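Structural features, examined
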Amino acid sequence: KESGRKRREPEEEGGDAEEAPSRRAAEDGKEGEEKEEEVKPVSKNKKYRREKPWDTDDIDHWKVQPFEKGEMKNPLLEESSFATLFPKYREQYLKEAWPVVTRELDKYGVGCELNLVEGSMTVRTTRATWDPYIIVKARDVIKLLARSVAAPQALKALHDEVQVDIIKISGLVRNKDRFVKRRQRLLGPNGSTLKALELLTGCYILVQGNTVACMGPFQGLKQARKVIEECMKNIHPIYNIKTLMIRRELAKDQQLKHESWERFLPSFKKKNVKAKRPLGGTEEAKKKRKEYTPFPPPQQPSKIDQQLESGEYFLSDKDRKDKAAAKRFEDNKKTKEVRDKERAAVFVAPKEKKKRASEEGAAEGAAASIAAIKKSSAAAAASAGSVQTTFELQMPHLPAEVAHLAQVGARCLDVCSRPARMALRLRGAPGRDMTLHAAVVT
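Residues numbered from 1 in each chain as written. Predicted model: local features only at pLDDT ≥ 70, side-chain atom pairs only at ≥ 80, totals over all residues. Heavy atoms only, no water.

As a further point, take the sheet that holds strand 1 (residues 81-85). Spatially, the three strands line up as an open sheet ordered 1-3-2, and their pairing is antiparallel. Every other strand in the sheet has two partners, leaving strand 1 and strand 2 (110-115) as the edge strands with one partner each. Strand-to-strand, the axes of this sheet are offset by a mean angle of 15 degrees, without reference to chain direction. Bridge analysis of strand 2 against strand 3 (residues 120-125) gives six bridges, and the strand direction is antiparallel. (Pairing = 2+ DSSP bridges. Helix = DSSP H or I, 4+ residues; strand = E, 2+ residues; numbered from the N terminus. Axes fitted to C-alpha atoms, helices over the stretch in contact; angles between N-to-C directions.)

In this structure the tally under the stated criterion is 13 salt bridges. A salt bridge links Arg225 to Asp165, with the shortest nitrogen-to-oxygen separation between them at 2.9 Å. Remark: Asp165 occurs in strand 4 (residues 163-168) and Arg225 occurs in helix 8 (residues 218-232); sequence separation between them is 60 residues. For Arg225, a relative accessible area of 29% corresponds to the partly exposed category. Taking the shortest distance from any N to any O, the salt bridge between Lys226 and Glu230 comes out at 3.4 Å. Taken together, the residues Lys226 and Glu230, both in helix 8 and four residues apart, mark about one turn of the helix. Taking the relative accessible area as the measure of exposure, Lys226 reaches 44% and is therefore partly exposed. Each of Glu79, Glu113 and Arg124 takes part in a single network of salt bridges with overlapping partners. (Salt bridge = Lys/Arg side-chain N within 4 Å of Asp/Glu carboxyl O. Buried < 20%, exposed > 50% of the residue type's maximum accessible area, 1.4 Å probe, protein only.)

Quick look at the sheet that holds strand 4 now. With antiparallel pairing, the three strands of this open sheet are ordered in space as 4-6-5. Two strands close off the open sheet at either side, each with one partner strand: strand 4 and strand 5 (204-208). Geometrically, the sheet is characterised by an average inter-axis angle of 15 degrees between neighbouring strands, direction not taken into account. Summarising the sheet, strand 5 and strand 6 (residues 211-216) pair through five bridges and their orientation is antiparallel. Paired with Gln208 across the strands is Thr211, a residue of strand 6.

This part takes up the side chain of Lys137. Its place among the elements puts Lys137 in helix 4 (residues 134-146). At a separation of 2.9 Å, a polar atom in the side chain of Lys137 contacts the main-chain carbonyl oxygen of His159. Contact partners of Lys137, with chain neighbours within four places excluded, come to Ala157, Leu158, His159, Asp160, Val162 and Gln163. (Polar contact = N/O pair within 3.5 Å; in protein donor to acceptor, adjacent residues only side chain to side chain. Contact = heavy atoms within 4.5 Å.)

Counted by the stated rule, this structure contains two aromatic pairs. Consider the rings of Tyr108 and Trp130, whose centres lie 5.7 Å apart with planes at 25 degrees: the pair is stacked. Taken together, the residues Tyr108 in the loop between helix 3 (91-106) and strand 2 and Trp130 in the loop between strand 3 and helix 4 connect sequence positions 22 residues apart. In terms of burial, Tyr108 and Trp130 fall into one category: buried. Between the aromatic rings of Tyr313 and Phe314, the centroid separation amounts to 5.6 Å while the plane-to-plane angle is 90 degrees, which identifies the pairing as edge-to-face. The ring of Phe82 is capped by Arg139, whose NZ or CZ atom sits 5.4 Å from the centre of that ring. (Phe/Tyr/Trp six-rings, centres within 6.5 Å; stacked < 30°, edge-to-face > 60°. Lys NZ or Arg CZ within 6 Å of the ring centre and 35° of its normal.)

Let's shift gears to unusual backbone geometry. Positive phi outside glycine occurs at Ser148, with the angle close to 70 degrees. Positionally, Ser148 belongs in the loop between helix 4 and helix 5 (151-154). Given the relative accessible area of 19%, Ser148 is considered buried. The phi torsion at Asn234 lies on the positive side, around 75 degrees, for a residue other than glycine. Here Asn234 lies in the loop between helix 8 and helix 9 (237-250).

Turning to the layout of surface pockets, a few remarks are in order. In this structure, the largest pocket spans a volume of roughly 1,400 Å³. Looking at the lining of the largest pocket, the elements with two or more residues in it are helix 7 (192-201), helix 8 and helix 9. Per-element accounting of the lining of the largest pocket gives the leading share, eight residues, to helix 8. (1 Å grid on protein atoms, 1.4 Å probe; cavity = no way out; pocket = protein on both sides within 12 Å on 5 of 7 lines; lining within 4 Å. Points joined across faces, edges and corners; volume = space filled by probe spheres on them.)

As a further point, take the pairing of strand 5. The alternating pattern of strand 5 places Ile205 and Val207 on a buried face and Tyr204, Leu206 and Gln208 on a face that is not buried. Joining the antiparallel neighbours strand 5 and strand 6 is a turn of two residues, in which Gly209 adopts a positive phi near 65 degrees.

Together, Ile235, Ile238, Tyr239 and Phe268 line one region of the surface with nonpolar side chains, adding up to about 360 Å² of accessible area. In this structure, Ile235 sits in the loop between helix 8 and helix 9. (Patch = residues over 30% accessible without salt bridge, like charges linked within 9 Å, V, L, I, M, F, W, Y side chains within 5 Å. Areas by Shrake-Rupley, 256 points an atom, 1.4 Å probe, with all protein chains shown as cover.)

Judged by nonpolar contacts, the single largest core of 31 residues is most densely connected at Leu105, Val110, Met121, Val123 and Leu145. Looking at this core, the elements with two or more residues in it are helix 3, strand 2, strand 3, helix 4, helix 5 and strand 6. Broken down by element, this core gets its largest block of residues, nine residues, from helix 4. With 21 residues, the next largest nonpolar core counts Ile169, Leu200, Val212 and Met232 among its residues. (Core = buried A, V, L, I, M, F, W, Y, C linked by side-chain atoms within 4.5 Å.)

Moving on, we come to the confidence of the model for the protein. In this model, the protein carries a mean pLDDT of 78, and residues with pLDDT of at least 70 account for 67%. Of the regions scoring below 50 in pLDDT, residues 5-18 engages in one contact with residues more than four places distant in sequence or in other chains. Low pLDDT, under 50, characterises residues 396-403; the predicted model gives this stretch 18 contacts beyond four residues in sequence or across chains. (pLDDT = per-residue confidence, 0-100.)

Dropping the structure here:
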């Protein structure tokens, strides 16, 4: 009925019947244009994206909105807790700094415990906790304290704008020596490389043992992690520091804000430059060079061929083991002899040094002095009674040994013509010029 009514409408209107087809054609043309506008090629990644009128260019997406006290209306229903162990050498420091940590965590309604028996630190939420995310921040604080970060610095992690990232670097390098060198490369001479990285990223960085503790904003932590991991992969941090410096200057230019910075950033390519060899080659290389021959080298005998040649192939397993044991015993015996000789060499007395010219001169002077004493004692022997003769003898570098001193006294007594008594006295320090005082009573 409705379709019949629609057909009759143009007939009743009379003059409008002729205009109806043209009107329909115009409407169909507009609909076709709208459909063409709607069907436009859209990127696959942006197929389901919608316009966001509230998302303007002046919004800082990196900014962290602070959480104020009173925003959480009700207390937490469940208790959350985190615990971490700390090394023995941190025990004394933590014991002294723990009151400061407790006082700071109490402001956020977080309970903490230091267990010196187990060597652990624990943090937990309470009924007074007014920030649901603060327990994660408290966990980061005790992790930093265990990684040798000072307590005042670690407590800054409780602020909303400060985040924590502890990077494990021990598994990135297998060789221990190589690991130590690359970790030192991250520090730089007198810590200059690490200081530059801290200034560019705006983070606090501490390299301790097998980990690197970083504190700062999200963007700075992302940059610091990239530099640290690439340093352990044998990419020098100076390249990344140079790139960060250029990015820092480009960020100040408002005209380049929405442009690509690839043309300004340096591109470092790894080059494996081989060491240059001399044109003629070294003498050793020339000696090792063999004359060219088109024939392949002779085939080397296999292990079975060697056993057949030596007759070992036909031995039983027991005889083969006995032979190997005997050979091992002989090798150990030779090694023991060499070691015994090395140990005995320590007890061999060193060769004595030749006498110096000054010592030889002193000996000649002593002989001349003894001759003079002999002459004076002979003159004294002619007179009656006892005679006391006193003399001094300069002897440079005289040894302090008693045996040598006794020999000097015996030689002095030999020159006397009659039985005599003698008193000797030395003055001076051993190893220096010494004076011998002697008194002979005959």
